[in-house]
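Residues per chain are reported as follows:
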Amino acid sequence: MSTVSTFSGFTMARLGIMASSKAMEVTGNNISNINTPGYTRQSLDQRALFVGGADVYSSQFDVRVGAGALTTGVSQLRDPYLDIRFRNENAKVGFYEGKYDILQSLSLIMNEVAKGEEDGGVMEKQFNDILEQLQVMNTEHAGDKSYDSAVRKSAEALVQLFHTYSESIDKVLTNTQAEFKENIGEVNRLLTKLRELNESIKKAEISSGALSDAERKEGMIGERGQQALELRDERNTIIDELSKLIPIDVKYSDESIGAGMTVEKLTITLKGNSDAVLVDGVYRGQLSVQEDPKNPGNEDPYLRLQISVLENGLGQKMAVNKPGGEVYKIKDQELKSGTLQAQREMLTKVGEYSSKDEIAMDPNASTKRGIRYYQNALDALAQKFASIFNEANMKDKDGFMLVNPATGDYLKYNGDPDTATDAEKADLNNYDVVTEPVIDGAGALFSNNGDDNDPSGITAGNISISYNWSHETTHVIQTRDPAKNHLSTANDNIAHLIAQMQADHAYAPGDLGNTNHNPVPGNAAANGDAFYTGSFQGMLTYINNMLGNDQKATGDILDNFYASSQKLDLDRESVSGVDLNDEAVNMMQLQKSYSASCRLLTTIDELLDKLINGTGVAGR
C-alpha cells in the first residue's frame, strides 16, 4: 500500500502554475525583443522535482511519484558551432571587402576606359597626341618653333595627367593609412568594451548564484547568469564586430572564485595562436604598430602589429608567467584575414618591386600588389618616357654627351671619337665645357622640377617640362648628327623619337633606384628582371589590366565569402532569432498548462474537502 502526502498535490499544482507563469514571462520578453539587434531567443530551464528519502510508513508496494516541476533558470538558444563558422567567414569578408574598397578607389583614378573617348583613355590619348605632333613636325618643318611649341604643349598636358594620377594615388595612400589607424583604435575600443562586459557578467553571476563544483557535476544550472543574458547578447554583438577586423578564436571556460565556486570566463586570442591573447576574463590587451627595429622611436614601416600586456580595469597587469603577461609581436603573415590585414597589405606590398627582406617576411610578397606598387608602376612609366626623350636630346647619334646632365653646361668630347669606349663616353672628365652647343637646341626636355633642368630622379609626381625647354632655350633637336647640325632638312632625331614612341621598352623593378615608393624607400628589388616589355601605351594598359584583374578576382572572392557568411548568419538567426509563430504556439501551450494547473488545484481542493468534511457522515 502506498502512502500519500495529503497536501503534496497542492505543491505540484503551485509549481506548475509558477512554471507556466514564468515561461509566459520569457515568451513575452522574446516577443518584446523581436526587433532588438543582437537579441538571442531565451527559454525557461526546468526539471522534474524529485524528493528522496523513505517514509515511516513506506512499504515495498509504494509507487513513487514526482513532486512537480522546478524552474532552474533562463538560458539562451545559441549554436556555438555556427558562431565559430560565422566569425571565421566574417574575417574573410572583412579582408576582401577592405582590399576591394581600396582597389576600387585606385580603379576610379586609373580607369582609362571609363575616362577616355572612342580610341582609349585620357593618358593614352595624350601619348598618341604627342606622337601625332611629332609626326606633323617631321612632315611639315622640323626646325619651325611653332611645331616645337605644339609638341611641348602636348607634353605639358601629359605631365599634368601624371601629376593628377600621382596626387590621387597619394591621397588614397594617406586615407588608407588614416583608416588603418582608426581601425586599430576601433579594435582597442571593442577589446575594452569586452573587458567591461566580462566584468559586469562576472558580478551578475556571482550575485545571482555561482555554481559549486558539485552542482556543476550534477548538471544543475540554478540562476547562474540569469541576470546577464542581455549583457551576453551585447558581448556577442561586439565579438561579431571584432571578428571582421581581425581573425579570432573565442573560448569559454570556468574560473574559480574560491569556496569551490566558479563563474564563466571568456578568452579571445588571435586565430590559431593561444599565446596571442586579446581578452582573458577581466583583462584585455591593446593593439599598436610595432617599433621599427632598425630605427628605434619610429613605427615599423611594414606596419606589423603587437598586443600589449593585458590589464584589468584597475590598471593591474597580467602576471608575466601567464599568456598575455608579455608584449606579443604579431608576425607579418600571422593575420590571415580581417580588415586590418587587408589594409596592411595594401599599404605595404609592392609586388615585383619587393626586396629580399620583404620576400623573407612573406614568400608571396612579389604577387601582392598594393597602393605602393601602382605608385612605382606609374613612376616607372613617367621615368622611362622622360629618360628616352632626354637621352635623344642630350646625346648625339654615337652616344657622346652634348649637355652635362647635372649642370646643363654644353659639352664637347676632347678625345678621339673613333676609339672612344662606352665608359669613356659616359665619363664627364673626357669633355670640355663650351659656350655653344655642338647641336643647336640640345638639352634636357624633362626635369624633376620646372624651375631647373635636372633630369635625375624623375617620378610621376615631379616630372616637369625643363626650365630651358619652357623658355625655348632648348627644343626638340632636328638631328643627332653634329655634321648635319645646320641642315634645315635634317630630321633624323624626330624620326628617332617617333620610332621610340612606338617601340617596345623593358620595365624592370630596379629602374627606379632610390626613388621607389617601397615601405623602406630605396630598398632594391630582389628580382631585377623586366616584368613588362612594351610601348608607353602598352605599359599604361598593363597597369590598368593588372588593377582590373586584381579588382575582379577580389570582388568574385568577396561575393563568395559574403554569400557564405550571410547564409551562416541566417542559420544562426533560425536558431537564436525570435519567431512569432513559435512564440504564439508557446503561448497557447502555456495558457493550457496554466489553466490545467489551476484546474488541478481546484480538483485537489474538492477532493480534500470531501475527505475532510465528508468522511463518516454518510447516512446520518
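Below is a short write-up of the structure.

Thresholds, definitions, all that
- Residues numbered from 1 in each chain as written.
- Predicted model: local features only at pLDDT ≥ 70, side-chain atom pairs only at ≥ 80, totals over all residues.
- Heavy atoms only, no water.
- Helix = DSSP H or I, 4+ residues; strand = E, 2+ residues; numbered from the N terminus.
- Buried < 20%, exposed > 50% of the residue type's maximum accessible area, 1.4 Å probe, protein only.
- Expected span 1.5 Å × (residues − 1).
- Axes fitted to C-alpha atoms, helices over the stretch in contact; angles between N-to-C directions.
- Parallel < 35°, antiparallel > 145°, perpendicular 65-115°, else oblique.
- Contact = heavy atoms within 4.5 Å.
- Pairing = 2+ DSSP bridges.
- Salt bridge = Lys/Arg side-chain N within 4 Å of Asp/Glu carboxyl O.

### Topic: unusual backbone geometry
Positioned with a positive phi, Leu303 is a non-glycine residue whose angle comes to about 55°. Locating Leu303 in the fold gives a position in the loop between strand 8 (287-289) and strand 9 (305-307). Here Leu303 falls in the buried class, since its relative accessible area comes to 12%. A positive phi angle, close to 65°, is found at Glu472, a residue other than glycine. Position of Glu472 among the secondary structure elements: in the loop between helix 12 (467-470) and helix 13 (492-502). The class of Glu472 is partly exposed, set by a relative accessible area of 41%.

### Notes on helix 7 (residues 229-245)
Every α-helix carries 3.6 residues per turn, so stepping three or four residues along brings you back to the same face. Between its first and last C-alpha, helix 7 extends 25 Å over 17 residues, near the 24 Å set by a 1.5 Å rise per residue. Within helix 7, burial applies to Leu229, Arg232, Asp233, Arg235, Asn236, Ile238, Ile239, Asp240, Leu242, Ser243 and Leu245.

### Description of the packing of helix 10 (residues 371-394) against helix 14 (residues 536-576)
It is the contact of helix 10 with helix 14, at a shortest axis distance of 10 Å, that shows an interaxial angle of 175°. Taken as axis vectors, helix 10 and helix 14 run roughly antiparallel relative to one another. Listed contacts from helix 14 to Tyr373, Tyr374, Ala377, Leu378, Leu381, Lys384, Phe385 and Ile388 of helix 10 are Phe536, Met539, Leu540, Tyr542, Ile543, Met546, Leu547 and Asp550.

### Side note on the environment of Gln160
Relative to the elements of secondary structure, Gln160 occurs in helix 5 (residues 145-209). For the pair formed by Gln160 and Ser464, sequence separation is 304 residues and the distance between their alpha carbons is 8.5 Å.

### As for the sheet that holds strand 9
Taken in spatial order, the three strands line up as 8-9-10 in an open sheet, and their pairing is antiparallel. In this open sheet, the two edge strands, each paired with only one partner strand, are strand 8 and strand 10 (328-329). Here strand 8 runs beside strand 9; their pairing, made up of three bridges, is antiparallel. What sits directly across from Ser288, in strand 9, is Gln306.

### Points about the environment of Pro80
Checked against the element boundaries, Pro80 lands in helix 2 (residues 80-110). For Pro80, a relative accessible area of 56% corresponds to the exposed category. Sequence-wise, Pro80 and Met137 are 57 residues apart; in three dimensions their C-alpha atoms are separated by 75 Å.

### Here we look at the pattern of salt bridges
Considering all chains together, one arrives at 36 salt bridges under this definition. Residue Arg41 is joined to Asp582 by a salt bridge in which the shortest nitrogen-to-oxygen separation is 3.7 Å. A residue pair is termed long-range when its members are at least 10 positions apart, and Arg41 in the loop between helix 1 (8-32) and strand 1 (42-48) and Asp582 in helix 15 (residues 580-614) qualify at 541 residues. Taking the relative accessible area as the measure of exposure, Arg41 reaches 15% and is therefore buried. We classify Asp582 as partly exposed; its relative accessible area is 35%. Within the structure, one salt-bridge network assembled from shared partners comprises Arg78, Asp83, Arg87, Asp240, Asp569 and Arg572.

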